[in-house]
Amino acid sequence: MWACQPFNPGHLKSHADLLLDGLAEAGGDWGLVIAPHPAQNTDALTALVKRDGGPPVAVADPGSERGAPFAGADAQ
């Protein structure tokens, strides 16, 4: 899970690229859930979800409780 801060789209993309490249090289069945900051425009995160190949990416509902994105997780 990546609890991101409300950065500009370019800064978010550079962070996401780093995280997703690391997950891709880690092997296994990894994915990324992005928990947006309440002040973040979730449209800025949409481009991060639409990547060709690599680990799956999902954006948590900004209105969800903190632990809600982990409800269906297969890891601890």
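Residues numbered from 1 in each chain as written. Predicted model: local features only at pLDDT ≥ 70, side-chain atom pairs only at ≥ 80, totals over all residues. Heavy atoms only, no water.

Asker: Go over the sheet that holds strand β1 (residues 2–3), please, and point to the residues and values.
Answerer: In spatial order, the strands read β1-β2-β3; together these 3 strands make up an open sheet with parallel pairing. Looking along the sheet, the strands with just one partner apiece sit at the ends: β1 and β3 (57–59). Looking at chain direction, strand β2 (residues 32–35) and β3 are connected through 3 bridges and run parallel. Bridging from a neighbouring strand, Leu-32 pairs with Val-57 of β3. (Pairing = 2+ DSSP bridges. Helix = DSSP H or I, 4+ residues; strand = E, 2+ residues; numbered from the N terminus.)

Asker: Lay out the pattern of salt bridges in plain terms, naming residues and giving numbers.
Answerer: Taken as a whole and judged by the stated rule, the model has 1 salt bridge. Note that Lys-13 is salt-bridged to Asp-17, the shortest N-O span being 2.7 Å. Of this pair, Lys-13 and Asp-17 both sit in helix α1 (residues 9–26), 4 residues apart, which is roughly one turn of the helix. A residue is classified by how much of its surface remains accessible, and Lys-13, at 45% relative accessible area, is partly exposed. Judged by relative accessible area, which is 24%, Asp-17 ranks as partly exposed. (Salt bridge = Lys/Arg side-chain N within 4 Å of Asp/Glu carboxyl O. Buried < 20%, exposed > 50% of the residue type's maximum accessible area, 1.4 Å probe, protein only.)

Asker: So what about the confidence of the model for the chain? Which residues, and what values?
Answerer: Averaged over all residues, the pLDDT of the chain equals 78, while 82% of them reach at least 70. Across the chain, the element-wise mean pLDDT spans from 77 in helix α2 (residues 43–49) up to 87 in α1. (pLDDT = per-residue confidence, 0-100.)

Asker: Which residues make up α1, and what are the values?
Answerer: Residues spaced three or four apart along an α-helix face the same direction, because each turn holds 3.6 residues. Spanning 18 residues, α1 covers 25 Å between terminal C-alpha atoms, matching the ideal 26 Å at 1.5 Å per step. Among the residues making up α1, those that are buried are Leu-12, Ala-16, Leu-20 and Leu-23. Viewed end-on, α1 has its buried residues packed into an arc of 55°, placing them on one side of the element. More than 90 degrees from the buried face of α1, the exposed residues found are Leu-18 and Glu-25. Tucked into the core, α1 has its buried residues touching β1, β2, α2 and β3. Measuring from the backbone nitrogen of Gly-10 back to the side-chain oxygen at the start of α1 gives 3.0 Å, which picks out Asn-8 as the cap. (Expected span 1.5 Å × (residues − 1). Arc of directions from axis to C-beta. Contact = heavy atoms within 4.5 Å. Polar contact = N/O pair within 3.5 Å; in protein donor to acceptor, adjacent residues only side chain to side chain.)

Asker: Now, about the environment of Ala-3: what can you tell me, with residues and values included?
Answerer: By the element assignment, Ala-3 lies in strand β1. Taking C-alpha positions, Ala-3 is 8.5 Å from Val-33, a pair spaced 30 residues apart along the chain.

Asker: Please provide a residue-by-residue account of the side chain of Gln-40, values included.
Answerer: Take Gln-40: it is sitting in the loop between β2 and α2. In this structure the side chain of Gln-40 is engaged in a polar contact, spanning 3.3 Å, whose partner is the backbone nitrogen of Phe-7. Filtering out sequence-adjacent residues up to four positions away, Gln-40 remains in contact with Gln-5, Pro-6, Phe-7, Leu-12 and Leu-45.

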